[in-house]
Amino acid sequence: MQTPAQDTATPGTNPFAKQKSHRETKESLIKWTLRSATYVILIITASIFTHIFIRGAPVVFSLTPPFINTSFLTKLPETLHVLEDKQGKKYETTPTGVDVIKKQLGDNLRNEKTISYSGGGILGPIVGTILLVGVCVVVALGLGIASAIYLSEYAKQGKFIEMARLAILNLSGVPSVVFGLFGLGMFVLSAPKITSHPLDRSLLAIPLGFGEYISFEGWDTSVLAGGFTLAFVILPVVITASEECLKAVPQGFRETSLALGATKWQTIWKCVLPFAMPGILTSSILGIARAAGETAPIMFTAALAFKDKLPWQGDTGIMGIFTQSVQALPYHIYTLSARIPQNEYSERAQYGSVFVFLVLVMSLAGASVILRRKLRAKYKW
Amino acid sequence: MVTTYPIMMSTVAPKKAESGVATPPAAAPEVSEMASETSSPVSNAIITVKDMDFCYGAKQAMFNVNLNIATKKVTAFIGPSGCGKSTLLRCFNRINDRIPGAHISKGEVRIKGKNINEEDVDLAQLRRQVGMVFQRSNPFPKSIYENVAYGLRVHGESRKSVLDTAVERCLTHAALWSELKDRLNANAMGLSGGQQQRLCIARAIATEPDILLMDEPCSALDPIATSKIEELIFQLSNDYTVVIVTHSMQQARRVADDTAFFYLGKLIEFAPTMEIFSNPRQKQTEAYVRGQFS
Ligand SMILES: Nc1ncnc2c1ncn2[C@@H]1O[C@H](COP(=O)(O)OP(=O)(O)OP(=O)(O)O)[C@@H](O)[C@H]1O
Ligand SMILES: [Mg+2]
C-alpha cells in the first residue's frame with residue numbers, strides 16, 4: 001500500500017511515518033554496504049603497504065646518518081655467509097670476507113650458513129627492470145599508438161576492423177605465461193637479426209651481399225626479447241586506451257584543420273595527437289606499471305636468477321646492453337621468496353626488493369600524473 | 001589584398017569564369033517548375049553550381065541545384081532546418097569528402113571555372129582558397145598566435161617574420177588586434193564566445209582565401225557579439241566572396257547582397273536580398289520570409 005506524497009499530509013500529523021523510516025533504513029543500509037566495501041579495500045591496501053614499508057624501508061633507509069643504505073642500491077646481489085662462534089656471536093659477511101673471519105675465529109667457529117642472493121644489494125635487478133621497461137615503453141607506445149591511429153582515423157569502419165578490435169581486446173585476457181612462451185618462440189628463437197655468422201638453427205638466412213646475413217635466429221634471451229614480450233602483454237591496454245583518447249578529441253578540430261588546407265597526417269599530428277596524448281600517457285602508464293611487475297613473460301625471454309655482471313660489463317661493453325640477459329626485480333623477488341630456504345636472514349633482501357620495486361612503480365605513476373598535468377594545462381579544451 | 005592561387009596546375013583564366021556565367025539560366029530544359037527561379041542574379045560568378053544532385057549514401061539530400069555566386073559579395077543561404085544549406089556549403093570546399101558515402105551524384109561545382117571534383121584538384125590548394133568558419137566556434141586549444149598561424153604553417157610557412165605579419169594583419173582584420181595584441185601567447189580557449197568566433201574568422205583568412213564559407217557563424221552568440229561579426233562580414237566583403245548560412249532572416253537582410261532560399265533539398269529562389277524579402281516570386285519563399293512557414 002504505497003501512498004504517494006507528503007504534500008497530501010497535513011502539517012503536524014504524519015501518517016506515513018513508518019513507511020518513511022523503512023525507506024530510510026534501506027537507504028542507509030545500502031550506503032553503509034557500499035561504504036564498507038570501499039573501506040575494506042582501503043584497509044587491506046593500507047595494511048599491505050604499511051607492512052611492506054615497515055619491513056622494507058629499514059633495509060634502504062636508516063635513522064642514523066647518512067640515512068640511506070646505499071650499498072643495497074649500488075651492489076649486486078651476492079651470497080650471504082653467516083658464521084657463528086662458540087659463544088653464540090654471529091658474523092654476517094660477504095663471500096670474500098669469509099676467509100678472514102674464519103682465520104680470526106680459528107677453532108672457535110661453531111657453524112657456518114650460506115644464504116643465496118640475500119647479501120649485497122639489488123643493483124642488477126633494478127638496472128634490468130629499468131632497461132626492460134624502457135624497451136617495453138618504446139615498443140608498446142610506438143606500435144600501440146600507431147595502430148590506434150590507423151584504427152580510429154584511417155581504417156574504413158567495417159566488419160574486418162571490428163574483428164581486429166575484438167582480437168586485440170581478447171589479447172588482454174591471455175595469461176601472461178602464454179606471452180612468455182610466445183616471446184620465447186618469437187623473439188628469443190626466431191626474430192630476424194643482422195649477423196655475419198648465422199647460427200645453424202637459424203630458420204632462414206638471407207645474404208645481404210657484403211658478408212652479412214639477415215638471419216631468423218632470434219635475439220637470444222635478452223633485454224630486447226624481454227622488452228618486446230612485455231610490450232605485447234600491454235599492447236591491448238595501450239591500443240584500447242589510445243583509441244578512446246583519440247575519439248575524445250572533438251571532430252571539429254579535425255574538420256577545421258582540414259578546412260584550413262591541412263593534409264590528413266598534418267591534422268592528426270598537429271590537431272589530434274597533442275590533445276589525445278595526456279590521456280594516452282596516463283592510461284598507458286597503468287599498463288606499463290603492470291608490465292614492470294610481470295614475471296612470467298620475462299622468465300623465458302630475458303631474466304636470469306643471478307648474474308654477477310651489469311649489462312654493460314659484458315664482452316661487448318655498452319653496445320651489448322640490450323642483447324644481454326639481465327636480472328629483473330619481479331623475478332628476483334620470486335627467486336628470493338620461492339627458490340631459497342626461508343629464514344631470518346633472507347627477509348632483508350625480500351622486503352628490501354619489494355619496497356624498492358614499489359617505490360619505482362609509484363614514481364612511475366607519479367611522473368605520469370605530473371606529465372599529464374603539464375600537458376593538460378597546455379592543451380585543455 | 002587578395003592573392004590568386006591557381007587551384008591546381010591549370011591556371012584559371014578569369015575569362016573562363018565569366019563565360020561560365022554567361023550560360024543562360026534556362027540551360028537545363030528539364031528543370032522542374034520549382035527550380036525555375038534558380039538563375040543567378042549576378043554577372044561575375046566565382047562559384048557555379050550546375051544541375052547538382054547530392055547524396056549521403058543512398059539518401060539524396062540535394063536536388064538539381066543551379067546557382068551562381070558573385071565575386072566579392074555576400075550571399076546568404078536561408079531555409080528551414082534540414083533543407084541542405086550546410087550540405088551545399090560544405091560542397092564548396094569538399095569537406096563533405098570526410099563523410100563516408102557522401103558524394104555529388106549529378107552535375108558539378110565549379111570554382112573559378114574549375115570543376116573542383118576533378119582528379120587534378122589538390123584539396124590543400126582548394127581549401128587554402130576556400131576558407132570555412134564553422135557554427136560552433138572551435139579554436140584549437142593552442143595559443144592565439146598559433147591558431148592564426150596554423151593555416152600558414154600547414155602550408156609550409158615557418159618564417160617568423162611572415163607569420164608575425166600575417167597574425168597581426170588577420171587579427172586586425174577580425175577587429176581583435178587591439179584587444180588581444182598583449183596576450184598572443186595566451187590559450188585561445190580563454191577567450192569569450194564572440195572573441196573565439198572572430199578568432200576563427202581571423203584563422204580562416206590567414207591563408208588569404210578568395211572565398212569564405214560561414215555556417216551559422218553567429219548562432220551561438222549574443223546580440224552584441226553577433227553585430228560585431230556582422231560588421232566584420234560587411235568589412236570582409238570588400239576583399240572576399242562570403243557565403244553565409246543563417247537562420248536569422250534579419251541577419252540575411254542586414255549582411256547579404258544576394259539570398260538563396262532552400263526547401264527540402266531544392267533551391268527555390270535566388271535573388272538580390274531586397275527582392276527576396278520585399279517581392280518574392282515563389283509562394284514558399286514568401287511564406288518563409290513572412291514567418292508563416294509550417
Ligand atoms: N552526415 C550525414 N549523413 C546522412 N545524412 C545527412 C548528413 N548530414 C546531413 N544529412 C541530411 O541531409 C539533409 C540536409 O542536411 P543539412 O545539414 O545540409 O541541413 P541544413 O539546412 O544545414 O540544416 P540546419 O539548418 O539544421 O543546419 C538533412 O535531411 C540531413 O538529415
Ligand atoms: Mg546546417
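Now for a quick tour of the structure. Given the structure is predicted, the values throughout are model-derived calculations rather than measurements. (Residues numbered from 1 in each chain as written. Chains lettered and ligands numbered in written order. Predicted model: local features only at pLDDT ≥ 70, side-chain atom pairs only at ≥ 80, totals over all residues. Heavy atoms only, no water.)

### Regarding the overall build of chain A
Part 1 of the reasoning: Helix and strand counts for chain A come out as twelve helices and six strands.
Part 2 of the reasoning: Its C-alpha radius of gyration of 29 Å places chain A more than 25% over the 21 Å reference for a compact globule of 381 residues.
Part 3 of the reasoning: Taking the principal axes of the C-alpha coordinates as reference, chain A spans close to 100 × 75 × 40 Å.
Part 4 of the reasoning: Here chain A holds 381 residues, and the buried ones make up 41% of them.
Part 5 of the reasoning: Across chain A, contacts joining residues at least 24 apart in sequence account for 70% of those joining residues at least 6 apart.
Part 6 of the reasoning: Accessible area for chain A stands at about 21,300 Å²; split by element, carbon and sulfur atoms hold 66% of it.
Part 7 of the reasoning: Each charge sign in chain A was given a centre, from 35 positive and 24 negative side chains, and these centres are 9 Å apart. (Helix = DSSP H or I, 4+ residues; strand = E, 2+ residues; numbered from the N terminus. Rg over C-alpha atoms; globule rule 2.2 N^0.38 Å. Buried < 20%, exposed > 50% of the residue type's maximum accessible area, 1.4 Å probe, protein only. Contact = heavy atoms within 4.5 Å. Areas by Shrake-Rupley, 256 points an atom, 1.4 Å probe, with all protein chains shown as cover. Lys, Arg positive; Asp, Glu negative; His and termini not counted. Charge placed at Lys NZ, Arg CZ, Asp CG, Glu CD.)

### Digging into the overall build of chain B
Part 1 of the reasoning: Along the backbone of chain B there are eleven helices and ten strands.
Part 2 of the reasoning: Per-residue burial for chain B yields a buried fraction of 56% across its 294 residues.
Part 3 of the reasoning: Partitioning the contacts of chain B with sequence separation of at least 6, the portion at a separation of at least 24 is 70%.

### Describing the site of ligand 1
Residue and element names in this part refer to chain B.
Part 1 of the reasoning: Surveying the vicinity of ligand 1 reveals 13 residues, the closest of which are Ser-81, Lys-85, Ser-86, Thr-87 and His-247.
Part 2 of the reasoning: At a separation of 3.0 Å, an oxygen atom of ligand 1 approaches a polar side-chain atom of Lys-59.
Part 3 of the reasoning: Between an oxygen atom of ligand 1 and a side-chain N or O atom of Glu-216, the distance comes to 3.3 Å.
Part 4 of the reasoning: Bound to the protein, ligand 1 loses 64% of the 630 Å² it would expose on its own.
Part 5 of the reasoning: Listed by contribution, the elements that provide at least two residues to the shell around ligand 1 are β2 (59-70) and α2 (85-91).
Part 6 of the reasoning: No other element matches α2, which puts three residues into the shell around ligand 1.
Part 7 of the reasoning: Here the shell around ligand 1 is built from residues that sort into four nonpolar, six polar and three charged. (Near = heavy atom within 4 Å. Polar contact = N/O pair within 3.5 Å; in protein donor to acceptor, adjacent residues only side chain to side chain. Nonpolar A, V, L, I, M, F, W, Y, C, P; charged D, E, K, R; others polar.)

### Description of the packing of aromatic side chains
Part 1 of the reasoning: In this structure the tally under the stated criterion is 18 aromatic pairs over all chains.
Part 2 of the reasoning: Centre to centre, the rings of Phe-53 of chain A and Phe-355 of chain A are 5.7 Å apart; their planes meet at 65°, and the pair counts as edge-to-face. One end of the pair, Phe-53 of chain A, is in helix α1 (residues 17-60); the other, Phe-355 of chain A, is in helix α12 (residues 347-378), with 302 residues separating them in the sequence.
Part 3 of the reasoning: Using a relative accessible area of 7% as the deciding quantity, one classes Phe-355 of chain A as buried.
Part 4 of the reasoning: Between Phe-140 of chain B and Tyr-150 of chain B, the ring centres sit 4.8 Å apart and the planes meet at 55°, which makes this aromatic pair tilted. Of the two residues, Phe-140 of chain B sits in the loop between β6 (130-133) and α4 (144-154) while Tyr-150 of chain B sits in helix α4, which places them ten residues apart along the sequence. (Phe/Tyr/Trp six-rings, centres within 6.5 Å; stacked < 30°, edge-to-face > 60°.)

### As for the interface of chain A and chain B
Part 1 of the reasoning: The interface is formed by 21 residues belonging to chain A together with 24 residues belonging to chain B.
Part 2 of the reasoning: Both sides of the chain A and chain B interface together cover about 1,900 Å² of buried area, and 60% of this is carbon and sulfur.
Part 3 of the reasoning: Residue Glu-255 of chain A is joined to Arg-90 of chain B by a salt bridge in which the shortest nitrogen-to-oxygen separation is 3.2 Å.
Part 4 of the reasoning: Linking chain A with chain B are seven residue pairs in polar contact (both at pLDDT 80 or more), by the criterion used here.
Part 5 of the reasoning: Taken together, the elements giving at least two residues each to the side of chain A that touches chain B come down to α8 (251-259) and α9 (264-293) of chain A.
Part 6 of the reasoning: It is α8 of chain A that provides the largest number of residues to the side of chain A that touches chain B, a total of nine residues.
Part 7 of the reasoning: In terms of residue class, the side of chain A that touches chain B is made up of nine nonpolar, seven polar and five charged. (Buried area = accessible area lost by both parts, 1.4 Å probe. Salt bridge = Lys/Arg side-chain N within 4 Å of Asp/Glu carboxyl O.)

### So, the sheet that holds strand β4 (residues 192-195) of chain A
Residues and elements named next belong to chain A.
Part 1 of the reasoning: Strand order in the open sheet made by the three strands is β4-β6-β5, with antiparallel pairing throughout. This sheet does not close on itself; its edge strands, each paired only once, are β4 and β5 (205-207). Averaged over all neighbouring strand pairs, the angle between strand axes comes to 20°, with direction disregarded.
Part 2 of the reasoning: As defined by bridge partners, β5 adjoins strand β6 (residues 213-216) across three bridges and the pair is classed as antiparallel. When the sheet's bridge partners are listed, Ala-205 is paired in β6 with Ser-215. (Pairing = 2+ DSSP bridges. Axes fitted to C-alpha atoms, helices over the stretch in contact; angles between N-to-C directions.)

### Overview of the pairing of strand β1 (residues 45-56) of chain B
All names here are of chain B.
Part 1 of the reasoning: Most of β1 is tucked away: ten of the twelve residues are buried.
Part 2 of the reasoning: In terms of strand pairing, β1 meets β2 through eight bridges, oriented antiparallel. Paired with Val-49 across the strands is Leu-67, a residue of β2.
Part 3 of the reasoning: Where β1 folds back on β2, the antiparallel hairpin that results is connected by two residues, among which Gly-57 adopts a positive phi of roughly 60°.
Part 4 of the reasoning: As judged from the eight bridges shared by β1 and strand β4 (residues 102-111), these two strands associate in the antiparallel manner. Bridge assignment links Tyr-56 to a residue of β4, and that residue is Ala-102.

### Regarding the environment of Pro-58 of chain A
Part 1 of the reasoning: Among the secondary structure elements, Pro-58 of chain A is positioned in helix α1.
Part 2 of the reasoning: Along the backbone, Pro-58 of chain A and Arg-348 of chain A are 290 residues apart, and their C-alpha atoms lie at a distance of 8.9 Å.

### Digging into the sheet that holds strand β1 (residues 77-85) of chain A
Residue and element names in this part refer to chain A.
Part 1 of the reasoning: On the basis of which strands lie adjacent, the open sheet formed by three strands has the order β2-β1-β3 and antiparallel pairing. Edge strands, defined here as strands with exactly one partner in the open sheet, are β2 (90-93) and β3 (109-120). In this sheet, neighbouring strand axes are inclined to one another by 20° on average, regardless of whether the strands run parallel or antiparallel.
Part 2 of the reasoning: Pairing between β1 and β3: eight bridges, direction antiparallel. Bridged to Pro-77 within β3 is Gly-120.
Part 3 of the reasoning: Lying over the sheet, helix α3 (residues 98-105) contacts β1, β2 and β3, oriented at roughly 5° with respect to β1.

### Quick word on the pairing of strand β3 (residues 74-78) of chain B
Successive side chains on a regular strand alternate, one facing one side of the sheet and the next facing the other.
Residue and element names in this part refer to chain B.
Part 1 of the reasoning: Burial runs high along β3: five of the five residues are buried.
Part 2 of the reasoning: The side-chain alternation of β3 yields two buried faces, one formed by Val-74, Ala-76 and Ile-78 and the other by Thr-75 and Phe-77.
Part 3 of the reasoning: The pairing of β3 with strand β9 (residues 258-263) spans four bridges and is classified as parallel. Residue pairing across strands places Phe-77 opposite Ala-260, the latter belonging to β9.

### What to know about the pattern of salt bridges
Part 1 of the reasoning: The tally for this structure, following the rule as stated, stands at 23 salt bridges over all chains.
Part 2 of the reasoning: Here Glu-294 of chain A ties to Arg-290 of chain A by a salt bridge, and the two come within 3.0 Å at their closest N and O atoms.
Part 3 of the reasoning: Under the relative-accessibility criterion, Glu-294 of chain A is labelled buried at 11%.
Part 4 of the reasoning: Among the ionic pairs, Glu-275 of chain B bridges to Arg-281 of chain B, the shortest N-O distance being 3.7 Å.
Part 5 of the reasoning: In the salt-bridge network here, residues are joined through shared partners; they are Glu-162, Arg-165, Glu-243 and Lys-247 of chain A.

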